Amino acid sequence: MSIQKLKYTLQLADNALILGHRISEWCGHGPILEQDIAITNTALDHLGQARSLFQYAATQFNQLPMADKEQFFSSAVLQKAITSGSQLDEDDLAYLRDGWDFRNVQLVEQPNADWAFTIARSFFYDCFSFFFYTALQKSKDETLAAIAEKSLKEVTYHIRWSSEWVIRLGDGTDESKARMQAAINERWMYTGELLKMSAADTAMLKEGIGADLNTIAPLWQQRVELVLHEAGLQVPPAGWMQEGGKDGRHTEHLGYILAELQFMQRAYPDMEW
Amino acid sequence: MSNKEWPLWEVFIRSKAGLDHKHAGSLHAADAQMAIENARDVYTRRMEGVSIWVVKSSEIHASDPYEAESMYEPATDKIYRHPTFYDLPEGLEHM
């Protein structure tokens, strides 16, 4: 089992979990009942993808040699489980890892702020994951290819939904246009990392398992420009980009997400309900 | 912020190929496309449908319930209008 494949699987799983959690924060707070249900459905799609990926990551982890296992996660509670010889499962990976062991891109942990910021974040991510999962369907790894194929159906709906909202707000009133443009501009610096190869990305591409982000980058740019153009919005200039999430360096927001997400399992270990 | 409500739409769902679209309920949406997408999320989350129609509620014209007597009661004693006097072949359903 390769360590790089485990890191790669966690990159994908953490993107899905953290974005799903962020979007789920809208549950009960949507601007209108119908959109509350729509966005909550989307959150559940992301969490479903996260589950499949975490199950696969746990299987990979459990097959590692003990020496590798002990090096992999730093949290005390996982260390204890690992040295006592326990097998990890999807819940351990979601609820018991510390922030620096999360490999999601920084984009997905950014706060919801308002509807426009939420849409901008989803739009950038959906444009990425649509082309990413399309490519990942051809992975030599059968499990990842199968997860990609299933996820792509959901993502095809997500990209339509978020693109529609970008156009609706961009092409709407003066206020909605200004707020949509502000959200696009503010979140732009988090998009570079989506398309930049990490060590795990490079290693998996070499083995025919991972997708080539360098071929996805122009497709992403093209799709984003097309939608922004139709919305009457400006495409922000290329510029300095934030990065580090794939290597465990996060913005301050991830800690607050994990505090809420992990509280129950940390405070009441192994509780079920 | 505008407090204007989005218009109301009536939603019709076909549960599987070959069956009719049936009225499922109503919802709010800014336009027809959003109404179809909202209907997908509100009414087909549990695999209820394979096709969706939406119609603006204001475009529905209904019969007047106060005219029910004159509209429908004259049919109640016309039993001969039901084709119940034929022998149907065995195995024929949905008649």
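About the cut-offs
Residues numbered from 1 in each chain as written. Chains lettered and ligands numbered in written order. Predicted model: local features only at pLDDT ≥ 70, side-chain atom pairs only at ≥ 80, totals over all residues. Helix = DSSP H or I, 4+ residues; strand = E, 2+ residues; numbered from the N terminus. Rg over C-alpha atoms; globule rule 2.2 N^0.38 Å. Buried ≥ 20, exposed ≤ 12 C-beta atoms within 10 Å, placed from the backbone. Contact = placed C-beta atoms within 7 Å. Axes fitted to C-alpha atoms, helices over the stretch in contact; angles between N-to-C directions. Nonpolar A, V, L, I, M, F, W, Y, C, P; charged D, E, K, R; others polar. Pairing = 2+ DSSP bridges. pLDDT = per-residue confidence, 0-100.

(A) Inspection of the overall build of chain A at higher detail. When its secondary structure is counted, chain A shows 12 helices and 0 strands. Overall, chain A shows an N-to-C arrangement of helices and strands of α-α-α-α-α-α-α-α-α-α-α-α. By the compact-globule yardstick of 19 Å for 273 residues, chain A fits well, its C-alpha radius of gyration being 19 Å. Principal-axis analysis of the C-alpha atoms gives chain A an extent of 60 × 40 × 35 Å. Within chain A, the proportion of its 273 residues that are buried is 42%. Across chain A, contacts joining residues at least 24 apart in sequence account for 76% of those joining residues at least 6 apart.

(B) The packing of helix α8 (residues 142-170) of chain A against helix α11 (residues 213-230) of chain A, seen in detail. Residues and elements named next belong to chain A. Following both chains from N to C, one finds α8 and α11 inclined at 35°, their axes separated by 8 Å at the closest point. Contacts between α8 and α11 involve S163, V166 and I167 from the first element and V227, L228 and E230 from the second. A breakdown of the residues in the contact of α8 with α11 according to their chemical character gives 4 nonpolar, 1 polar and 1 charged.

(C) Inspection of the interface of chain A and chain B at higher detail. Contact residues are listed per partner, giving 6 residues for chain A and 8 residues for chain B. For the side of chain A that touches chain B, the residue count by class is 4 nonpolar, 1 polar and 1 charged.

(D) Representation of the sheet that holds strand β1 (residues 8-14) of chain B. All names here are of chain B. Taken in spatial order, the 3 strands make up an open sheet running β2-β1-β3, and their pairing is antiparallel. Here the strands that pair on one side only, and so sit at the sheet edges, are β2 (21-28) and β3 (51-56). When strand polarity is set aside, the average angle formed by the axes of neighbouring strands in this sheet is 30°. Sheet topology places β1 next to β2; 7 bridges connect them, and they run antiparallel. Note on β2: the bridge partner recorded for F12 is H23. Its contacts with the sheet place helix α1 (residues 32-43) against β1, β2 and β3, and it is angled at close to 125° to β3.

(E) Region of interest: unusual backbone geometry. Even without a glycine there, the phi angle at A113 of chain A is positive, about 55°. Looking at the element boundaries, A113 of chain A is found in the loop between α6 (106-109) and α7 (115-136). The phi angle at M47 of chain B is positive, at roughly 60°, despite the residue not being glycine. For M47 of chain B, the location among the structural elements is in the loop between α1 and β3.

(F) Structural view of the confidence of the model for chain B. Across chain B, the average pLDDT comes to 88, with 96% of residues at 70 or higher. The ipTM value of the predicted complex is 0.71, and its pTM value is 0.88.

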